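# Architecture at a glance
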Amino acid sequence: MMSKYHFFAMVNRMKLIDRWALMRNTSKENIAEHSHSVAVIAHALALIGNKKFGKDYDADRAAVLALYHDTTEVITGDMPTPVKYYNDNIKNVYKDIEAVAGERLLAMLPDEFRDDYRPVFEQQEADGELWKLVKAADKISALIKCVEENRMGNREFDLALKAQEEKIRAIDLPEVQYFSEHFLPSYYLTLDEHTK
């Protein structure tokens, strides 16, 4: 009998997990869309670091780590940020839950592939600098969502927008500051303003 593995079918379910569940959204965003956004931005941050600041990032690896960074949420669901980070106890318990979810997903792969995917579920020391870029890209993606909602007149995101802008300003990575200065302003514009 042929073995059957469920990993990729589970990853495909990322499109079913909505983000920003506690807030009214003009446009829903799921974790598959979010992960794509984070992967694009993390890749860009790595390239910016390499070309503008003499870094030696593996941009492709940054993109892959970002692509899978929220995959465990197909098992856990998306825990809203105010809940997830309410206190250290909840934050630590949620990290443990994510680790168990990652192990469950890895168990859905053939043995010979598990070590290839393990680094996207368990942060490896060798990827430490890349994970910083992924976390920064995650925050930038959240800011972009807030900007989009704000531009559509959704006041539900007013405070989140200000909070995300402050978080981005506080990130001490020149790649992030470069992206913020040269690329973020475009997200505040309309399509007509982009194409003039």
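Residues numbered from 1 in each chain as written. Predicted model: local features only at pLDDT ≥ 70, side-chain atom pairs only at ≥ 80, totals over all residues. Heavy atoms only, no water.

What follows deals with the overall build of the protein chain. Regarding its fold elements, the protein chain presents eleven helices and zero strands. Mapped from its N terminus to its C terminus, the protein chain presents α and β elements in the order α-α-α-α-α-α-α-α-α-α-α. Computed over its C-alpha atoms, the radius of gyration of the protein chain comes to 18 Å, within 12% of the 16 Å expected for a compact globule of 196 residues. With the principal axes as the frame, the protein chain shows a C-alpha extent of 60 × 40 × 35 Å. Here the protein chain holds 196 residues, and 40% of them are scored as buried. Across the protein chain, every contact between residues at least 6 apart in sequence was considered, and the portion connecting residues at least 24 apart equals 67%. Roughly 11,900 Å² of accessible area belongs to the protein chain as shown, and the carbon and sulfur atoms make up 53% of that amount. Positive and negative side-chain charges of the protein chain, numbering 26 and 33 respectively, have mean locations separated by a distance of 4 Å. (Helix = DSSP H or I, 4+ residues; strand = E, 2+ residues; numbered from the N terminus. Rg over C-alpha atoms; globule rule 2.2 N^0.38 Å. Buried < 20%, exposed > 50% of the residue type's maximum accessible area, 1.4 Å probe, protein only. Contact = heavy atoms within 4.5 Å. Areas by Shrake-Rupley, 256 points an atom, 1.4 Å probe, with all protein chains shown as cover. Lys, Arg positive; Asp, Glu negative; His and termini not counted. Charge placed at Lys NZ, Arg CZ, Asp CG, Glu CD.)

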